[in-house]
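Descriptive structure summary
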Amino acid sequence: MSTTRADKQIAHERRRAGEMALSDFADYVEKQTRLRKPGGDVQDEHDELSIIETLGLSDDTQPSIRIRDLLLGPQDENGPKLKDLIASRIAEGRGETMFDVGIDNTTEEPMGFTKEEHDYAMESIKGAAAGLKASITILITHNLAIDGEEPPDDKGASSMLLIRKQPESLEDLLEIRVAVVGNVDAGKSTMLGVLTKNTLDDGRGRTRVNLFRHKHEIESGRTSSVGMEILGYDSESNIIGSNDPGRKLKWEEIGNRSAKVISFTDLAGHERYLRTTVFGLLGTSPDYVMLMVAANNGLIGMSREHLGIALALNVPVLVVVTKIDICPPQILAQTIEQITKILKSPGARKIPIFIKNKTDVINTAKQFVSERICPVFQVSNVTGEGLDHIRTFLNVLPFHGKFDSKSSFEFHVSDCFSVPFVGTVVSGVVKSGVIHAGDPIQLGPDSLGNFIQTTVRSIERKRIAVPVCSAGQSASFALKKVRRREVRKGMVVLPRSETPPKAHMRFIAEVLILSHATTIKPKYQAMLHVGPVSQTCRIIDINRDLMRTGDRATVAFEFCQRPEFLCIGDKLLFREGRTKGLGIVKALGYDSDTPLVKED
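Residues numbered from 1 in each chain as written. Predicted model: local features only at pLDDT ≥ 70, side-chain atom pairs only at ≥ 80, totals over all residues. Heavy atoms only, no water.

1. Looking at the overall build of the protein chain
Along the backbone of the protein chain there are 13 helices and 25 strands. Here the protein chain holds 600 residues, and the buried ones make up 55% of them. Surface accessibility of the protein chain: about 27,100 Å² in total, with carbon and sulfur atoms responsible for 49%. (Helix = DSSP H or I, 4+ residues; strand = E, 2+ residues; numbered from the N terminus. Buried < 20%, exposed > 50% of the residue type's maximum accessible area, 1.4 Å probe, protein only. Areas by Shrake-Rupley, 256 points an atom, 1.4 Å probe, with all protein chains shown as cover.)

2. Looking at helix 5 (residues 115–131)
Between its first and last C-alpha atoms helix 5 spans 25 Å; for 17 residues at 1.5 Å apiece the expected length is 24 Å, and the two agree. Buried within helix 5 are the following residues: His-118, Ala-121, Met-122, Ser-124, Ile-125, Ala-128 and Ala-129. The arc that holds every buried residue of helix 5, seen down its axis, measures 160°, which confines them to one face. Along helix 5, exposed side chains directed more than 90 degrees from the buried face belong to Glu-116 and Ala-130. (Expected span 1.5 Å × (residues − 1). Arc of directions from axis to C-beta.)

3. A word on the confidence of the model for the protein chain
Mean pLDDT for the protein chain: 83, with 83% of residues reaching 70 or above. Taking the mean pLDDT of every element in the protein chain, the minimum, 41, falls on helix 2 (residues 48–54) and the maximum, 95, on strand 19 (residues 492–495). Here residues 38–64 is a poorly scored stretch, pLDDT under 50, and it has 42 contacts once near neighbours within four places are set aside; other chains count. (pLDDT = per-residue confidence, 0-100. Contact = heavy atoms within 4.5 Å.)

4. Side note on the nonpolar core
Counting residues in each nonpolar core, the largest one holds 41 residues, and the members touching the most others are Leu-281, Val-289, Leu-291, Val-319 and Val-321. What Leu-291 contacts, discounting residues up to four positions off in sequence, is Val-181, Gly-182, Leu-299, Ser-303, His-306, Leu-307, Val-317, Leu-318, Val-319 and Val-320. In this structure, Leu-139, Leu-162, Ile-355 and Phe-399 belong to the second largest nonpolar core, which totals 40 residues. (Core = buried A, V, L, I, M, F, W, Y, C linked by side-chain atoms within 4.5 Å.)

5. Observations concerning the side chain of Gln-442
Among the structural elements, Gln-442 can be located in strand 14 (residues 440–444). A distance of 3.0 Å separates a polar side-chain atom of Gln-442 from the backbone oxygen of Pro-495. (Polar contact = N/O pair within 3.5 Å; in protein donor to acceptor, adjacent residues only side chain to side chain.)

6. Side note on the packing of helix 4 (residues 75–92) against helix 5
Where helix 4 meets helix 5, the closest approach of the two axes is 9 Å, and the angle between their N-to-C directions is 60°. Between helix 4 and helix 5, the angle falls in the class oblique. Read as a crossing pair, helix 4 and helix 5 show a hand that is right-handed. Touching Gln-75, Leu-82, Lys-83 and Ile-86 of helix 4 are Tyr-120, Glu-123, Ser-124, Ile-125, Ala-128 and Gly-131, all from helix 5. Grouping the amino acids of the contact of helix 4 with helix 5 by side-chain chemistry returns five nonpolar, three polar and two charged. (Axes fitted to C-alpha atoms, helices over the stretch in contact; angles between N-to-C directions. Parallel < 35°, antiparallel > 145°, perpendicular 65-115°, else oblique. Left-handed = near helix turned anticlockwise from the far one by under 90°. Nonpolar A, V, L, I, M, F, W, Y, C, P; charged D, E, K, R; others polar.)

7. Overview of empty space enclosed by the protein
What the rule picks out here adds up to three cavities of 30 Å³ or more. Along the walls of the largest cavity sit 13 residues, with Leu-311, Asn-314, Ala-348, Lys-350 and Arg-372 positioned nearest its centre. Counting residues per element, the ones that place at least two in the lining of the largest cavity are helix 1 (2–36) and helix 10 (302–312). Here the lining of the largest cavity gets four residues from one element, more than from any other, and that element is helix 1. Taken together, the residues of the lining of the largest cavity sort by class into six nonpolar, three polar and four charged. (1 Å grid on protein atoms, 1.4 Å probe; cavity = no way out; pocket = protein on both sides within 12 Å on 5 of 7 lines; lining within 4 Å. Points joined across faces, edges and corners; volume = space filled by probe spheres on them.)

8. Things to note about the pattern of salt bridges
Pairs can form between side chains of opposite charge once their charged atoms are near each other. One pass over the full model with this rule turns up 17 salt bridges. Where Lys-580 meets Glu-305, a salt bridge forms, and the shortest distance between an N and an O atom there is 3.1 Å. With Lys-580 in strand 25 (residues 579–588) and Glu-305 in helix 10, this residue pair connects regions lying 275 residues apart in the sequence. The shortest N-O distance in the salt bridge between Arg-506 and Glu-558 comes to 3.2 Å. Here Arg-506 is found in strand 20 (residues 506–515), whereas its partner Glu-558 is found in strand 23 (residues 552–559), with 52 residues between them in sequence. Judged by relative accessible area, which is 23%, Arg-506 ranks as partly exposed. Under the relative-accessibility criterion, Glu-558 is labelled buried at 16%. (Salt bridge = Lys/Arg side-chain N within 4 Å of Asp/Glu carboxyl O.)

9. So, the packing of helix 9 (residues 274–283) against helix 10
How two helices sit against one another is set out by the angle between their axes and by the gap between those axes. Closest axis-to-axis distance for the helix 9/helix 10 pair is 11 Å, and the angle between their directions is 30°. By the criterion of interaxial angle, the relationship of helix 9 to helix 10 is roughly parallel. Judged by the sense of rotation from one axis to the other, the crossing of helix 9 with helix 10 is right-handed. Contact with helix 9, carried on its side by Leu-274, Thr-277, Val-278 and Leu-281, involves Met-302, His-306 and Ile-309 of helix 10 and no other residues of that element. Each residue belonging to the contact of helix 9 with helix 10 can be placed in one class, and the counts come to five nonpolar, two polar and no charged.

Next up, the structure:
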């Protein structure tokens, strides 16, 4: 019995060692990834205490301009300057920005506006927004004598606005990708069905049926593939939906009428489909991860795996606790306590913010670019409780993607299919650069590492034809004279050049072992994920004798099937059973004659 207890203690200590090392290594990987990009800079992480105290970062984009003078000065004189300021912030936010009226943009202190001054400032902003063909949504107000209440003398009137511009064309449509993960039966597909169909569930999964892609998914009620759904908002923050409750609009209708689109990736929760879920998390490059937790089950099973992967990838996480209508209060309290404990653990280092009202929603969404904050929602898809907070949060969620449109074009294939009368079509995310319909490209690598020369016949975004697509956007390309069997997931699309790109069978990476029962040595094999690339790999060299949970090392990998196109700085994740590791590509190629230098 004592031996068993000792083994459990050792296993617990190893697991804790992996958790302790995760946060530091994930930050290191993120900084290395930023450094490899042109113009990339490494910013210091936000101070946690200031986040807790203010739930807001100072807006110092225009420190030389006094906002108060612009808002309260003569409109004919200051109007053009205010218009330029709002235009620059809209451009920075890819079509939208949040604007504080009555709050200083550098100190976050109230300006002491009276109600008359606030009304005058609002007129100035409305005039500037009208000149930009943008709409204004009032999110929250403070001390504005609403409902007959007089504002206190010592505090000023203020409000927070969302200024959103209607895109001139579909190429400018703001898209935010959200990956939906969680344990099986947590209500992921039901939640997306409720959000996209604008109707409530009947408690038996009625709203999720249209999200399933296969017959066995409908019969079992469990997602086994990567599903896609979109939710559109217009420039006035209204959800683009059908007038007929329960009917879903086509993607073309939503895309043409929207100013902002939330693209949901519905991922499988069952352990059997973990490979598909990991592929969805890495291959679709999500901006945010929505972790679904059933209130009556808690954070169990694959929920922990999915949370660990999101933390390893440094993707901001929001937690949604579902099924609160059927959960006893004491069980719900236990679930909330468990979520708080896990988020505050050394491995996660998150600050849970429990959303209780609209003010919490707006302030948290505004500062959600900090990976330290983790909002927690409590909803019911049957009664509708808490769903308005989710809809408002998604509406004001800021774009924070780190994509470079000025560098060379690079597109990763996450899915491929054959369309009648069109031909072979590949879909994925544009990592960098810009592509136009008709551009010559090369696609590969194939099993021998070669690239196919072809041309982009047409481009679609959200099933609507567009002439151009830029970095950070998801799109589908129809290819000329390419057979479906010549294309696979994990390929890359690059601009045509005289010197073909090189694919590698071997590469060197710096890795961290998150969990492993024993030791890892050369010849160890695992499933490796690098973006949409998913292939078995073997370890051929390590700069130390062996690796255990929590160890960092430089490792040489070799693909088992075919070469792949990789870049220095790419994040990688490898797994085998309960073994998990996180890493970053440090060098391409490996020479057996010059092995890695062993650590002392």
